[in-house]
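One-letter residues, chain by chain:
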Amino acid sequence: MASKMEETYVHRKLEAHKPFSTKQFFLQWEWLLVLILIGVMVLNTLLSPYFLNVTSLRDATMIFLDKSFIVFPMAFIMIMREIDISVGSTVALSSVVMATAYNVLGMPMEVAVIICLLVGALCGLLNGLLITKFPELSAVIVTLATMILYRGIAYIILEDQASGNFPEWFGFFGWGYIFGVPFILIVFVIIAVVFGLLLHKTSFGRRVFAIGHNDVASKFSGVNVNRTKLIVYTLAGVMAALTAVFLASRMGSTRPNIANGYELDVIAMAALGGISTAGGKGRLIGTVIAIFIIGYLQYGLGLINIPSQTLMIIIGALLLFAVIVPKVKEMRR
Amino acid sequence: MSTSMMDETLPTNIEKKESKLAKIGQFREIGLLVFIVILVIAVQLRNSSFLTLENISDMATNTAILSILAVGMMLVLVTRGIDLSIGATLALSGMIVAQFVSNHSGTSPIVAILMGIGIGILCGLVIGGLVSYLGVLPIIATLAMMNIFRGLTYMVSNGKWISSYQMPESFVGIATSKLLGVNTLIIIALIVYAFAIYFIGHTRTGRQIYAVGSNPESAKVTGISEKKVFIIVYTLMGGLSGLSGVLWVSKFASAQGDTATGYELSVIAACILGGVSIAGGAGKLSGVILGAFLIGILNNALPLLNVSPFWQKGIEGSIILAAVLLNVMVKRGVERNNLLKRRV
Amino acid sequence: MKKLFMLIVTSVLLLGVLAACSQGNSSGDSQKPSKDKEDDSGQKKYAFIFKNTGNPYGEKMMDGFEEAIKELDGEAILRAPDQPTAEAQIQIIEQLITQKVDSITIAGNDPDALQPALTKAMDAGIKVISVDSAVNAKSRITHVNQADPEAIGRVQIEAISEMIGGKGQIAILSATSQATNQNLWIEYMQKELEKDEYKDIELVKVAYGDDLRDKSVSETEALLKTYPKLKGIIAPTTVGIAAAGKVLTDKGLKGKVMLTGLGLPSEMASYIESGVCPWMYLWNPIDVGYAAGYTASALVKGDIEGKVGDKFEAGRTGAKEVVEDGDGTQIMLGEPFKFEKSNIAEWKEVY
C-alpha cells in the first residue's frame, strides 16, 4: 500500500531524490524555456520591424529588469516552500525613505542609497523574524500583514507628495550605459551569477534545498533552519531595495504608491522559471530565462500595440502552458 | 519521511489530535472576539455613532459580500490551496450578468443570480480541473486564470460599462431590498453560512475536504479522492465568486472592467485573521466570519474616526498584524495549559 | 527522440497560440484601425496613452482622439496599461519610442515620474503633450486642459451653495489622496469658500474613496454618520459621485443631503432624474480627446510650437490658442458643461 502511494502521490518528491533523473528533468525544463524564448523572439521579429535590432533589444532590458532582482531571493524563498508578498511594499517604503533622507534630512545621495538598502534589509529581517519566531503562522499571513504595514508607513512619511530632484548622477542607475551595455543589465548579470553560485555551489544553497525538502528533517540533521530563513528573507528585502534604487532613478522621483503588484509579477517569473512552490526544487538559470521570456514578450507585443487586456490573457496562458507541459509528460510516462 | 507520517495518522492518533484541535479552535476564536470587542469599545468611545443600529446594519451589508467569499476561500485554504482569481471571476460574472439584464430588462433577479453562479461555477471548474487533473499548483493556476478572467472581462465589456439607468429596478433591488427589516445581502450571506455549516459538518464531502487538508497522504489511503475534493472546492469558490459578482454589481449599480481588483487579498486576510491555516486542515466557519467582520469593522471605523487618510493603511496593517500575533499568543497559552493538565 | 519530438510539438503549439492571439487581435480589434496599412506609407503615427484600461472616461477620450486622427489621415495608436501606474506607462513610452511614433499624447498617472521617459521621447524628436492629468512642464511641450481648474472648483462651490441655500455643512468626497487633478480642484474650492458670500458654509471634511466603489460607499456612509447635520456633498470624481448617489438613494436622503460634482452622465442619469443630484458638471471627454488629437497634429506638422500665443484650428471644436500655465503652456477647452434633468436623457446615451 505504502509503496503504491509513494509511487503516485510522492512521485515528484522521490524523483528529486534520484540525482540522475532530477538532472534530466531539469534539463528538459530549461530546454523548453529556451525554446519558448526563441519562439518569442521569432514571433516578435515577424510581427514588428522594430524588434530585432541591437538598440531595441538592449533598451528593452532596461524596462523589464528592475523587478528581476527580487526574482532570485523569491526563488530561494519558494524553494523553502514559503512566499513573500510584501516585496512590492518594501520597494515603496525603501525608496520613500531614500528620497526623504536626501530631500528632507539633507543627506548626501550616496548615504541615502545605503539607507535605502538598509531599510530594505530591515523590512526583510522583520519578515524573517516574525516567520521564525511564530512558526504557527504561515509566510503568507505574515507578509500579507507587513505588505499593508510597509506601504502604510510609506504613506505616513510622504503623504500625497512625490519626492525627487535627485542629483544628476543618480539617473545613471536607470538610464546609464557602460561601454554601450545598460548598467542595469550588468548589475543583473552580476547578481544572477552571485545568487546562482550561492544556491548551487555553496552549503548555504544546499541548506535552502534541504529545508524545502523537509524542514523538520533538516533541523534534526543540524541545519539552522531559522538562521537560513532569516538570511533569505533579509536578502529579499535588500533586493527589493535595489529595485527601489533603479526604479526611483528611472522615474526621477518616488511616491508611496510605486511598485504596486510587483509581488505577483515576481512570483509569476519564478514559477515560469521552474521554481516549484511545493518546495525543494528549481534552478536559477530557469528563472533567468523566464525573466527574459516575459520581458521580451511584453515588450515585443507592446511594439505592435496589443491592448493590455489581450496581453494579460497571453501572459496567463503562457504561465499555464509552461506548468502544464511537464505534467502532461509526467503523466504519459 | 512518508513512513513517519503514516504512523502519525493511525486512527487513535487522529482522535486525540482532533479533540485537541477543536479546543484550540474554540479558544482561538475567543482571542479574536476579545480583540474585536476591545476595538469596538475603543471606536465607540471616539465616535458615538459607531454602535447605532443604522451603522451596524450598514457594516453588515458592506461586509456581506466579503464574508460570502471568505467562506469559499476558507475551504480552498483548508485543502492547502489558494485562489487569487476570485476578484477577476467576480468582475467577469458581474459584467456578463449586467450586460444580460440591461438587454433583457424583464429578467427575474433569481435568474440573474443563478446566471452569475453558473458563470462562476464554470470559472471554478476550469481552475479545479487545472489543479486536480493537471496537478498545477493552486497559486500558479489561479494567478494565471486571474490574468485570463480579467482580460476576458475587458474583452466582453469592449471598453463599455453598464450604468445604473441601464439596470432594471428589480436587479438593483437585489442589494437594496429588505426582508423582515433585514437587508437581502445579509440574508443571502446567512443562507450561505447555513449551507456551509451543513456542508462542512454534516456531509461526507465536507469532512473529506478537511481530511485531505490535514493529511493528504492518509486521506488518500483511506480512499478519499483528492481530485474530487479539489474540483468541488474550487467550483464552490467559483460559484460563490459568481454570486458575489451579481451582488456587487447590484449593490453599486455599476459594472466596469476593473471591478474588485485586488479584492482577493482582503478575502484572504479575513480568512487568516479568522484562524484558517494556510498549511491546510484547520479553519472554522465561525472564525472566518469573525475575521470578515474585523475587516468590515476596520473599513467602517477608520473613516468614522476621522483618521488621516495617509495613516489608514499603516493602522490597518498594524491591527491585522497585532490580531494575528495575539491569536498565536493565546493559542500558545492554551497549548501550554493543555500540556500541564496532561501531566497532572 | 520522443522527448525531442514532444518539445518541438509543444513549442509549435505555443507559437500557434501566440500568433492566433495577436492575429485575431490585429484584424478584429477596433483599437488599431490602420494596422492593415503599411507601416511606411508616410502616414504620421499619433500615440495616445491613457491612465489604465477599462476606464469608461478614458475609453471615450480615446474615441475622440481616434476620430480626430482619422480626420487628419493619420494612424492612431491607443494604449493604456492594465494598472494605473507610472511604471507601466514608462514601459509603453519606451515601446512607442522604439516604434518611432510622431507624437505621444498622455494622461499621466504621475506628474513627475514620467519626466525621464518623456524627455527621452522628446530628445528622439517625438512631440509630447499631456491631456486631462498634466505631467510637469519639463516633460511636455504643451498641455490640453479640459477646463480651467479655477472654474471647475468655482462652479462646484456655486452649485452646492445654491442647492443648500448658502448655509450649512458640506463635505468633499475625492478620489485618492494622491490624485493631482482632484487635489488642485479641491484647492480652488477651498479658495472659493473663503469668499464672503460663502461664510455660512462650513467644509467639514475631505474624504478619500480611492476611486474604489466599496471604499467610496464606506466613506460616504461615515460622512453621513459623523456629521448628522451635513447638507451637501461635492464629489469631483466619477466613481465617487456615483457611489455617493447610490448611498443617498438607498438611505432615502433625497432632498436632505444634496450631491454635486463631476460625473459621467450615463452613470449619474438615474440620480439626476430622481433628483438626488440636482445637477453636476463634466466636460465632454470625447471633445477633450478630439482637441488633443488636433493639437498633436498641429505640433507634428509644425503649425505651432507650443509657445504662448500660437493659434490653430481644432476641427469641430473651433479655434484654439496656447496660453500660459505656470512654467509651461496649455490649451484651454472652456467651461465645464452642466448636466441637469432637462439634458441628461440625451447625454446618457453618449457617454
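Remember, predicted model here, so these are calculated numbers, not experimental data.

Looking at the side chain of N300 of chain B
Okay, so step 1: Looking at the element boundaries, N300 of chain B is found in helix 13 (residues 285–304).
Okay, so step 2: With residues up to four places along the chain from it excluded, the contact list for N300 of chain B reads F50, N55 and M59 of chain B together with K225 of chain C.

Focus: the interface of chain A and chain B
Okay, so step 1: Chain A puts 48 residues into the contact, and the matching count from chain B is 49 residues.
Okay, so step 2: Taken together, the two surfaces of chain A and chain B that pack against each other cover about 4,500 Å², and 81% of this comes from carbon and sulfur.
Okay, so step 3: Here chain A and chain B share zero residue pairs in polar contact (both at pLDDT 80 or more) between them.
Okay, so step 4: Secondary-structure elements contributing two or more residues to the side of chain A that touches chain B are helix 1 (2–8), helix 7 (109–133), helix 8 (139–158), helix 14 (262–272) and helix 16 (308–332) of chain A.
Okay, so step 5: With 14 residues, helix 16 of chain A is the single largest residue contributor to the side of chain A that touches chain B.
Okay, so step 6: Looking at side-chain class alone, the side of chain A that touches chain B contains 32 nonpolar, eight polar and eight charged residues.

Comments concerning the pattern of salt bridges
Okay, so step 1: This model, assessed by the stated rule, comprises 25 salt bridges over all chains.
Okay, so step 2: Here D58 of chain B ties to K225 of chain C by a salt bridge, and the two come within 2.8 Å at their closest N and O atoms. Separated into two different chains, D58 of chain B in helix 3 (residues 53–78) and K225 of chain C in helix 7 (residues 213–226) make up a pair that spans both.
Okay, so step 3: A residue is classified by how much of its surface remains accessible, and D58 of chain B, at 8% relative accessible area, is buried.
Okay, so step 4: Take K225 of chain C: its relative accessible area is 9%, and that puts it in the buried class.
Okay, so step 5: Of the charged contacts in the structure, one is a salt bridge between E94 of chain C and K120 of chain C, with a shortest N-O distance of 3.0 Å. With E94 of chain C in helix 3 (residues 86–98) and K120 of chain C in helix 4 (residues 115–123), the pair connects residues that are 26 residues apart, well separated along the chain.
Okay, so step 6: Among the residues examined, E94 of chain C registers a relative accessible area of 3% and is labelled buried.
Okay, so step 7: Residue classification places K120 of chain C among the partly exposed positions, given a relative accessible area of 22%.
Okay, so step 8: Counted as one network, the salt bridges with shared partners bring together R58, D59 and R250 of chain A together with E94 and K120 of chain C.

A few points about the sheet that holds strand 7 (residues 201–208) of chain C
Residues and elements named next belong to chain C.
Okay, so step 1: One open sheet accounts for four strands, arranged 7-6-8-9; its pairing is parallel. In this open sheet, the two strands that pair with only one neighbour each are strand 7 and strand 9 (258–261). Each neighbouring strand pair of the sheet contributes to a mean axis angle of 25°, computed without reference to strand direction.
Okay, so step 2: Two elements, strand 6 (residues 168–174) and strand 8 (residues 230–235), share four bridges in a ladder whose sense is parallel. Of the residues in strand 8, the one forming a bridge with A171 is I233.

About the criteria used
- Residues numbered from 1 in each chain as written.
- Chains lettered and ligands numbered in written order.
- Predicted model: local features only at pLDDT ≥ 70, side-chain atom pairs only at ≥ 80, totals over all residues.
- Heavy atoms only, no water.
- Helix = DSSP H or I, 4+ residues; strand = E, 2+ residues; numbered from the N terminus.
- Contact = heavy atoms within 4.5 Å.
- Buried area = accessible area lost by both parts, 1.4 Å probe.
- Polar contact = N/O pair within 3.5 Å; in protein donor to acceptor, adjacent residues only side chain to side chain.
- Nonpolar A, V, L, I, M, F, W, Y, C, P; charged D, E, K, R; others polar.
- Salt bridge = Lys/Arg side-chain N within 4 Å of Asp/Glu carboxyl O.
- Buried < 20%, exposed > 50% of the residue type's maximum accessible area, 1.4 Å probe, protein only.
- Pairing = 2+ DSSP bridges.
- Axes fitted to C-alpha atoms, helices over the stretch in contact; angles between N-to-C directions.

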